[in-house]
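Structural characterization, general
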Amino acid sequence: QADPRLYDIIQAVSADRIESDIATLAGFGTRHTLSDTVSDTRGIGAARRWIKKEFEKISADCGGCLEVFYQRNLVPEGENNRIIRDVWVVNVVAVLRGTENPGRYVIMSGDIDSRVSDPTDFTSDSPGANDNASGMAGVLEAARVLSRYQFRNSVVFTGLSGEEQGLFGGRGLAE
C-alpha cells in the first residue's frame, strides 16, 4: 500500500551532505535579515546566493527539472520593532512541477536567517547551525533526493528569509 519508492528515497539521504551544508551555512558568520547582502563570504546575501546555486546544481543534475528563482518583498522600517530600516526580504525557491496536478503544492521550507539574542544586532556572529541551518540543509537534501522522481503534485523547496524578524519570508511567499 505504500509507495515502494519511499525506501529508495530514504536510503538516498546523506547525513554527510546535510552536515556539510550546515557547516557552510554557519560559516557565513551571520545570516541576519539586515546583514550584509554584497559580500560573497558573509551575511544573508552570500547565504541566499549559495542556496540558489545549490538549487541550480540540483536542477542541472536532473535535466532542468527545478524552476529556481528569488521571491522578494519589501518590509518597511518600523513594520515591527525588529525592522530598523527598510529591507528586501528575499526567499530562494525551487519548484519541482507535478505531473498531474501542477497547481497543487507540497512546500518544504527552512529559514535562511539567523540572529543573536538582540534581534536588531545584524553584525555579530550568529551562525545558527540549529536555528535554522539544519532546517535549510534538510530542504536542500530533500531537493537533491526528490528531484530524481516525479510526483503528481508540485513540490516547492524554499529558503525563507525574515523569519526571525516576524515571519516575513513565509508571508511574502504565501502572498
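Let me sum up the structure you'll find in this document. As a convention, each chain's residues are numbered from 1 in the sequence order in which they are written. Totals for whole chains, interfaces and linings use all residues, but because this is a predicted model, local features are given only for residues with pLDDT of at least 70 and pairs of side-chain atoms are given and counted only at 80 or more. To get the side-chain values, all heavy atoms of the structure are used, and hydrogens and water are removed first.

It is worth spelling out a nonpolar patch on the surface at this point. On the surface, Leu-6, Tyr-7 and Ile-10 cluster together to form a nonpolar patch covering roughly 350 Å² of accessible area. By definition, any uninterrupted DSSP run of H or I lasting at least four residues is a helix, any uninterrupted run of E lasting at least two residues is a strand, and each is numbered from the N terminus. Mapping Leu-6 onto the fold places it in helix α1 (residues 5-12). Among the residues examined, Leu-6 registers a relative accessible area of 44% and is labelled partly exposed. Only residues whose relative accessible area exceeds 30% and that form no salt bridge are eligible for patches; like-charged ones are grouped when within 9 Å, while nonpolar side chains (Val, Leu, Ile, Met, Phe, Trp, Tyr) are grouped when within 5 Å. Under the convention used here, a 1.4 Å probe and the Shrake-Rupley method define accessible areas, while residue burial counts only the protein chains that appear. Here, a salt bridge means any side-chain nitrogen of Lys or Arg that lies within 4 Å of a carboxyl oxygen of Asp or Glu. We call a residue buried when its accessible area falls under 20% of the maximum for its residue type, exposed when it is over 50%, and partly exposed in between, using a 1.4 Å probe and counting protein chains only.

As a further point, take the environment of Asn-81. Residue placement: Asn-81 occurs in the loop between β1 (66-75) and β2 (87-96). Assessed through its relative accessible area of 66%, Asn-81 is described here as exposed. Along the primary structure Asn-81 and Gly-166 are separated by 85 residues, whereas in three dimensions their C-alpha atoms are 9.6 Å apart.

What follows concerns the packing of helix α2 (residues 15-26) against helix α4 (residues 129-146). For the pair α2 and α4, the least separation of the axes is 8 Å and the interaxial angle reads 135°. Accordingly, the angle class assigned to the pair α2 and α4 is oblique. When you trace α2 past α4, the crossing you get is right-handed. Residues Arg-17, Ile-18, Asp-21, Ile-22 and Leu-25 of α2 pack against Ala-129, Ala-133, Ser-134, Met-136, Ala-137, Leu-140, Glu-141, Arg-144 and Val-145 of α4. All axes here are fitted lines through C-alpha atoms, helices being fitted over the stretch that makes contact, and every angle between N-to-C directions spans 0 to 180 degrees. In these notes the angle categories are as follows: under 35 degrees is roughly parallel, over 145 is roughly antiparallel, 65 to 115 is roughly perpendicular, and the rest is oblique. Less than a right angle of anticlockwise turn of the near helix away from the far helix marks a crossing as left-handed, whereas a clockwise turn marks it as right-handed. The contact rule is simple, with two residues in contact once any of their heavy atoms fall within 4.5 Å.

This next bit is on the pattern of salt bridges. Two side chains bearing opposite charge may form a pair once their charged atoms approach each other closely. Taken as a whole and assessed by the stated rule, the structure comprises twelve salt bridges. Between Glu-56 and Lys-52 there is a salt bridge, with the nearest N and O atoms lying 2.6 Å from each other. Pair noted here: Glu-56 and Lys-52 are both in helix α3 (residues 44-61), with a separation of four residues, about one helical turn. Here Glu-54 ties to Arg-144 by a salt bridge, and the two come within 3.0 Å at their closest N and O atoms. Note that Glu-54 is positioned in helix α3 and Arg-144 in helix α4, a separation of 90 residues in sequence. Here Glu-54 and Arg-144 have matching classes, each one buried. Salt bridges sharing partners connect three or more residues here, namely Arg-17, Asp-21, Glu-54, Lys-57, Glu-141 and Arg-144.

Pairing between two strands is assigned when DSSP locates at least 2 bridges connecting them. Ordered by their spatial adjacency, four strands build an open sheet running β1-β2-β4-β3, and the pairing between neighbours is mixed. Edge strands, defined here as strands with exactly one partner in the open sheet, are β1 and β3 (101-111). Strand-to-strand twist of the sheet, defined as the mean angle between neighbouring strand axes without regard to direction, takes the value 25°. Direction of pairing for β2 relative to strand β4 (residues 153-160): antiparallel, over a ladder of five bridges. Across the sheet, the residue bridging to Leu-96 is Val-155, located in β4. Each of β1, β2 and β4 touches α3; the most contacted strand, β1, lies at about 160° to it. Where α4 meets the sheet, it contacts β2, β3 and β4, and its direction lies at approximately 145° from that of β3.

A few words now on unusual backbone geometry. The linkage connecting Asp-131 with the following residue, Asn-132, adopts the cis geometry, with an omega of 10°. Within the secondary structure, Asn-132 sits in helix α4. Phi at Leu-167 takes a positive value of approximately 60°, unusual for a residue other than glycine. On the secondary structure map, Leu-167 appears in the loop between β4 and α5 (168-174).

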